Amino acid sequence: MVRVNIDVSDKTGVIKPMHSVNNGPIGGKSSNVEAYRAAGIPYARTHDSSFNAGYGGEHTIDVHLIFPNFDADAYDEKSYDFTVTDNYIKEIMSVGTKVFYRLGSKIEHGIKKYGTLVPKDYHKWAVICEHIIRHYNYGWADGFRYNIEYFEIWNEADLGAGNVKNPCWQGTEEQFFEFFDVAANHLKSCFPELKIGGPALAFWKHIDWVNGFFNRLTAPIDFFSWHMYSDDPSKVASRIREIRAYLDAHGLEKAESILNEWNYVKAWTGANWHYSLETEKNLKGSAYISSVMLESQNAPLDHLMFYDARPCAMNSMFNTDMPCKKLKGYYPFLMFNSLYCLKNAVSATSDDADVRVAAADSENCSAIMLSHFNDDESTAEKEVSVHVRGDHAGTKKASVYMLDDVNNCTLTKEEVFTSDEYTIVLNMPLYSTCLIKIECE
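Residues numbered from 1 in each chain as written. Predicted model: local features only at pLDDT ≥ 70, side-chain atom pairs only at ≥ 80, totals over all residues. Heavy atoms only, no water.

> Any chance you could explain the nonpolar core here in plain terms?
General note: in soluble globular proteins, nonpolar side chains tend to be found buried as a group. Core analysis: the biggest nonpolar cluster contains 110 residues, and Tyr 101, Trp 125, Ile 153, Phe 176 and Phe 214 have the highest contact counts within it. If we skip the residues at most four places from it in the chain, Tyr 101 touches Thr 46, Ile 61, Ile 66, Thr 85, Ile 89, Ile 132, Tyr 136, Ile 148, Tyr 150, Phe 151 and Glu 152. Counting residues in each nonpolar core, the second largest holds 25 residues, with Ile 6, Ala 359, Val 388 and Phe 417 among its members. (Core = buried A, V, L, I, M, F, W, Y, C linked by side-chain atoms within 4.5 Å. Buried < 20%, exposed > 50% of the residue type's maximum accessible area, 1.4 Å probe, protein only. Contact = heavy atoms within 4.5 Å.)

> It is not clear to me how the sheet that holds strand β16 (residues 421-428) should be interpreted in this structure. Could you clarify?
In a beta sheet, neighbouring strands are held together by backbone hydrogen bonds and run either parallel or antiparallel to one another. Across the sheet, nine strands lie side by side as β15-β14-β17-β12-β11-β10-β1-β13-β16; this open sheet has mixed pairing. Of all strands in the sheet, those with a lone pairing partner are β15 (408-417) and β16, marking the two edges. If you compare each strand with its neighbour and ignore which way they point, the axes differ by 20° on average. Here strand β10 (residues 344-350) pairs with strand β11 (residues 355-361) via three bridges, running antiparallel. By the bridge assignment, Ala 345 is partnered in β11 with Ala 360. In this fold helix α9 (residues 283-297) packs onto β1 (2-14), β10, β11, β12 (365-372), β14 (396-403) and β17 (433-440), with an angle of close to 125° to the strand it touches most, β12. (Pairing = 2+ DSSP bridges. Helix = DSSP H or I, 4+ residues; strand = E, 2+ residues; numbered from the N terminus. Axes fitted to C-alpha atoms, helices over the stretch in contact; angles between N-to-C directions.)

> Sorry, what's going on with the environment of Phe 82 here?
The residue Phe 82 is located in the loop between α2 (63-66) and α3 (83-94) in this model. Between the C-alpha atom of Phe 82 and that of His 135, which follows or precedes it by 53 residues, the distance is 8.6 Å. Non-local contacts of Phe 82, meaning those with residues more than four positions away in its chain, are made with Ile 66, His 131, Ile 132, His 135, Tyr 136, Trp 140 and Ala 141.

> Before we go on, may I ask you to explain the environment of Phe 180 in this structure?
Locating Phe 180 in the fold gives a position in helix α5 (residues 173-190). Sequence separation between Phe 180 and Tyr 288 is 108 residues, and the spatial gap between their C-alpha atoms is 34 Å. Those residues in contact with Phe 180 that lie beyond four places of it in its chain are Ile 153, Gly 197, Gly 198, Pro 199, Phe 213, Leu 217 and Ile 221.

> For this particular structure, what's the right way to read α3?
One turn of an α-helix holds 3.6 residues; hence residues three or four places apart share an orientation. Its twelve residues place the ends of α3 17 Å apart at the C-alpha level, agreeing with the 16 Å of an ideal helix rising 1.5 Å per residue. Those residues of α3 not exposed but buried are Thr 85, Asp 86, Tyr 88, Ile 89 and Ile 92. All buried residues of α3 fall inside an arc of 165° around its axis, so they share one side. Opposite the buried face of α3, by more than 90 degrees, sit the exposed residues Thr 83 and Lys 90. Buried residues along α3 sit in contact with β3 (43-45), α2, β4 (98-103) and α4 (122-137). At the C-terminal side of α3, Gly 96 shows a positive phi close to 85°. (Expected span 1.5 Å × (residues − 1). Arc of directions from axis to C-beta.)

> It is not clear to me how the sheet that holds strand β5 (residues 150-153) should be interpreted in this structure. Could you clarify?
The strand order around the closed barrel formed by eight strands is β2-β3-β4-β5-β6-β7-β8-β9, and the pairing between neighbours is parallel. Going across the sheet, the axis of each strand differs from the next one's by a mean of 25°, ignoring polarity. Looking at chain direction, strand β2 (residues 20-22) and strand β9 (residues 303-306) are connected through two bridges and run parallel. Bridge pairing in β9 links Ser 20 to Met 305.

> Help me understand the layout of surface pockets, please; the structure alone is not making it clear to me.
Taking a probe equal in size to a water molecule and rolling it over the atoms shows the remaining empty space. Its volume calculated, the largest pocket comes out at about 670 Å³. As for the largest pocket, its lining consists of 29 residues, and the residues nearest its centre are Glu 156, Phe 203, Tyr 229, Glu 261 and Trp 268. Here the lining of the largest pocket is built from residues that sort into 15 nonpolar, five polar and nine charged. Within this model, the second largest pocket holds a volume of roughly 290 Å³. Considering the residues around the second largest pocket, the lining is formed by 17 residues, among which His 64, Phe 70, Tyr 114, Leu 117 and Pro 119 are closest to the centre. Among the secondary structure elements, those contributing two or more residues to the lining of the second largest pocket are α2 and α4. Residues belonging to the lining of the second largest pocket are distributed by class as follows: eleven nonpolar, five polar and one charged. (1 Å grid on protein atoms, 1.4 Å probe; cavity = no way out; pocket = protein on both sides within 12 Å on 5 of 7 lines; lining within 4 Å. Points joined across faces, edges and corners; volume = space filled by probe spheres on them. Nonpolar A, V, L, I, M, F, W, Y, C, P; charged D, E, K, R; others polar.)

> What exactly am I supposed to notice about the side chain of Asn 166 here?
Mapped onto the fold, Asn 166 is located in the loop between β5 and α5. You can call Asn 166 buried: its relative accessible area is 2%. A distance of 2.8 Å separates the side chain of Asn 166 from the backbone nitrogen of Cys 168, its partner in a polar contact. (Polar contact = N/O pair within 3.5 Å; in protein donor to acceptor, adjacent residues only side chain to side chain.)

> Where do I start with the packing of α5 against helix α6 (residues 207-216) in this structure?
The description of two packed helices rests on the angle between their axes and on the distance between the axes. Closest axis-to-axis distance for the α5/α6 pair is 9 Å, and the angle between their directions is 40°. When the axis of α5 is compared with that of α6, the two are oblique. Like other packed secondary-structure pairs, α5 and α6 cross with a definite hand, here right-handed. On the side of α5, the interface is formed by Glu 173, Phe 176, Phe 177, Glu 178, Phe 180 and Asp 181, while α6 contributes Trp 209, Gly 212, Phe 213 and Arg 216. Along the lines of polarity and charge, the residues of the contact of α5 with α6 split into five nonpolar, one polar and four charged. (Parallel < 35°, antiparallel > 145°, perpendicular 65-115°, else oblique. Left-handed = near helix turned anticlockwise from the far one by under 90°.)

Right under this line is the structure:
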């Protein structure tokens with residue numbers, strides 16, 4: 001039997017935003033707006049938004065789409081086309097989700113590049129971004145006061161590791177390092193109160209690129225953003241610790257570490273790529289989501305953003321053709337939000353590497369989230385004994401919600417306890433996720 005220990009009296013910090021995503025809700029006849037709102041998504045990163053017609057397509061978010069003529073006057077509001085992006089940002093904000101604004105372009109796999117070209121003038125590009133920020137945060141050009149906190153410069157410039165055919169950056173490494181530094185210095189000088197960072201690193205294995213990036217950097221950065229696709233949540237946790245150690249060793253102890261693209265991927269080509277896409281949309285994929293969230297909560301990561309909530313092949317949350325239809329991968333976001341709303345993380349440990357756990361507490365209630373994941377599909381069901389101690393005085397009702405083959409965060413069991421120390425026994429099939437809500441009278 002797996003033993004899980006929860007000590008409600010042992011506060012360990014805060015529940016972090018581990019259920020943020022890339023991109024916002026979809027409106028229209030098959031809207032997922034209410035489901036998106038119910039999941040309490042903390043932040044939506046606006047990357048690859050312009051792929052989707054529902055968000056506004058080729059008029060949305062990307063710098064070259066908002067400022068279509070680079071030779072125009074960057075200080076003249078008539079040079080900017082904010083209309084469609086205004087609507088998209090408004091839709092995100094309307095469901096209570098904050099915007100994590102990616103400055104740059106979507107990935108470009110086509111034979112001709114538009115937004116990933118090296119800007120002709122780095123400083124002018126930064127001035128354009130300055131005015132985009134002024135529009136959304138400071139009312140410039142009939143704009144808004146949204147108080148968007150995070151602005152990320154570019155995306156995956158290391159993807160080709162110096163190859164000019166890189167679908168995210170058409171220049172050299174040295175050009176990118178200079179470009180980023182110019183942009184970050186300018187934006188931070190304009191907006192010291194905001195969080196400016198990047199570079200949305202594609203692969204940590206490009207360590208020479210990373211070293212070059214930081215060796216060239218003179219600008220202060222508030223966060224280091226990076227990506228990781230894997231089939232092993234434990235490897236994600238190890239990478240989180242490795243990157244945190246690297247940042248600390250390079251004098252960036254105050255810089256946030258943000259993993260803002262991740263999903264289940266066994267390989268990017270061939271049969272394993274097809275298997276990955278299938279897995280992302282099924283129960284196994286949902287357990288991977290739960291497990292990465294829980295591992296990340298317990299590791300030195302500041303923010304986690306899933307890829308992707310946009311209707312696409314890698315959307316594990318909603319049916320691509322009918323966004324109103326929730327997939328298994330939606331429910332881990334809903335379940336983790338129960339912890340996030342309680343704010344206070346408490347001690348939670350498991351003696352089995354396949355069973356991951358995190359727990360939270362507030363004045364009169366607690367919540368525990370568990371997942372059972374191993375990439376080996378022959379792994380047996382686990383019996384899990386959840387020992388809770390240090391809970392609030394009085395009668396407590398524990399409600400167990402399961403996500404498995406037949407349940408979608410469904411209430412499956414209720415128990416009442418009067419002691420401040422008690423045990424809840426669960427059967428957890430492989431790829432199941434469990435949420436226990438404890439209310440104290």
